[in-house]
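Chain by chain, the residues run as shown.
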Amino acid sequence: MAVAPIPFQLPNITKFKIALCQLSVTSDKNQNLDRASRSIRFSVEQGAKLVVLPEMWNCPYSSDYFAKYAEDFDNRDASPTWSMLSEAACCHGITIIGGSLPEWDHGRLYNTCCIFGPDGKLKAKHRKIHLFDIDIPGEISFKESDTFTAGDQPTIVDTEVGRIGIGICHDIRFPELAALYRKRGVDIICYPGAFNMSTGELLWELVQRARAVDNQLFVATCSPSRNSTGSYTIWGHSTLVGPSGEIIVTSGHEETTVIAEIDYSNIQLQRKSLPLDDQKREDIYKFIDVHELNP
Ligand SMILES: NC(=O)CC(=O)C(=O)O
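Residues numbered from 1 in each chain as written. Predicted model: local features only at pLDDT ≥ 70, side-chain atom pairs only at ≥ 80, totals over all residues. Heavy atoms only, no water.

**Student:** Lay out the site of the ligand in plain terms, naming residues and giving numbers.
**Tutor:** Close to the ligand lie Glu55, Tyr61, Lys128, Phe132, Cys169, His170, Arg173, Ala194, Phe195, Asn196, Thr199 and Tyr232. A distance of 3.0 Å separates a nitrogen atom of the ligand from a polar side-chain atom of tyrosine 61. Between an oxygen atom of the ligand and a side-chain N or O atom of arginine 173, the distance comes to 2.5 Å. Calculation on the ligand without its partners gives an accessible area of 270 Å², and the protein chains cover 100% of this total. For the shell around the ligand, a count of residues per class yields 6 nonpolar, 3 polar and 3 charged. (Near = heavy atom within 4 Å. Polar contact = N/O pair within 3.5 Å; in protein donor to acceptor, adjacent residues only side chain to side chain. Areas by Shrake-Rupley, 256 points an atom, 1.4 Å probe, with all protein chains shown as cover. Nonpolar A, V, L, I, M, F, W, Y, C, P; charged D, E, K, R; others polar.)

Listed below in structure tokens is the structure:
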């Protein structure tokens, strides 16, 4: 039997500012931490209550670097990135979606997003579920599964700024994950990401708007800025999309901090004018069998 979606409830906070920190990432980890810390401070000065960082921002997006830059989050004293994020969240009293970082756990590497609350405590951890393996001859070949182990849990976290679902980059291509979040009452899905020059132009904006409009919720993405040196050239264009698929704000490919206002009453409005939940025909979808369609 299909599980009924949780009806939309306006969170305590309806309007707030979100910041997308599109950071330039170098091979100098300390410099990356410093840049992130300054961008978070700037976001707070602009009034942001929710700050999102990019996929792989303390480490270049390259299989040669992931293991070298990885940190063990259970050993906090040896995890400068963890400490910086936790302190920043606590000292500014904000929620931080900590982009993604290479994480060591019992000899395995994960592509992991840590979410910190305004008390500086870890609220949740999302390990990238769908690893990015791609091979377009003559264009790009990249295999995350050579180095990373895939996560096996969706991540929904209740924060001061609403119920947030987390995905990391390639996770955005899988509508089932976003639909699950929608069913569980998520207000905004945050996807730290790092699309590249082969996938970015055609797909980056398209998939964000698709996830937002299908599920009538907010979608926020945050990418590193474009690097022109490494073998993997980042697309950039961090974006916030609203519940009717409209782009609220987007950036270019350069380093920048994007600030925008989120108004959750737009979810209510959109779902009232187009009540997709009431119109869904789960009774029909569940009876359609591949053999019936292709005898
Ligand atoms: N980092 C990624 O998962 C990249 C990706 O999905 C892409 O299309 O590029």
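**Student:** I'd love a proper account of the pattern of salt bridges, names of residues and values included.
**Tutor:** Proximity of charged atoms lets side chains of opposite charge pair with each other. In this structure the tally under the stated criterion is 13 salt bridges. A salt bridge links aspartate 34 to arginine 38; the shortest N-O distance between them is 3.4 Å. Of this pair, aspartate 34 and arginine 38 both sit in helix α1 (residues 29-45), 4 residues apart, which is roughly one turn of that helix. Accessibility expressed as a relative area gives 41% for aspartate 34, which makes it partly exposed. Notably, a salt bridge pairs glutamate 205 with arginine 209, separated by 3.6 Å at the nearest N-O pair. Of this pair, glutamate 205 and arginine 209 are both found in helix α5 (residues 200-215), 4 residues apart, which corresponds to roughly one turn of the helix. Assessed through its relative accessible area of 40%, glutamate 205 is described here as partly exposed. Residue class for arginine 209 comes out partly exposed when judged on its relative accessible area of 35%. Linked through salt bridges whose partners overlap, the residues forming this network are Glu103, Asp105, Lys125 and Arg127. (Salt bridge = Lys/Arg side-chain N within 4 Å of Asp/Glu carboxyl O. Helix = DSSP H or I, 4+ residues; strand = E, 2+ residues; numbered from the N terminus. Buried < 20%, exposed > 50% of the residue type's maximum accessible area, 1.4 Å probe, protein only.)

**Student:** Lay out α1 in plain terms, naming residues and giving numbers.
**Tutor:** Because an α-helix packs 3.6 residues into every turn, residues spaced three or four apart end up facing the same way. Between its terminal C-alpha atoms α1 stretches 25 Å, which fits the 24 Å expected from 17 residues at 1.5 Å a residue. Here α1 has its buried residues at Lys29, Asn32, Leu33, Ala36, Ser39, Ile40 and Ser43. End-on, the buried residues of α1 take up no more than an arc of 130°, which puts them together on one face. Structural note: α1 exposes Asn30 and Glu45 on the side pointing more than 90 degrees away from its buried face. Contact partners of the buried residues in α1: β1 (15-22), β2 (48-52), α2 (66-69), α3 (80-92), β3 (95-97) and β15 (256-263). Two to three positions downstream of the cap, the backbone nitrogen of asparagine 30 sits 3.1 Å from a side-chain oxygen, assigning the N-cap of α1 to aspartate 28. (Expected span 1.5 Å × (residues − 1). Arc of directions from axis to C-beta. Contact = heavy atoms within 4.5 Å.)

Interpretation in functional terms is not warranted from these geometric data alone.
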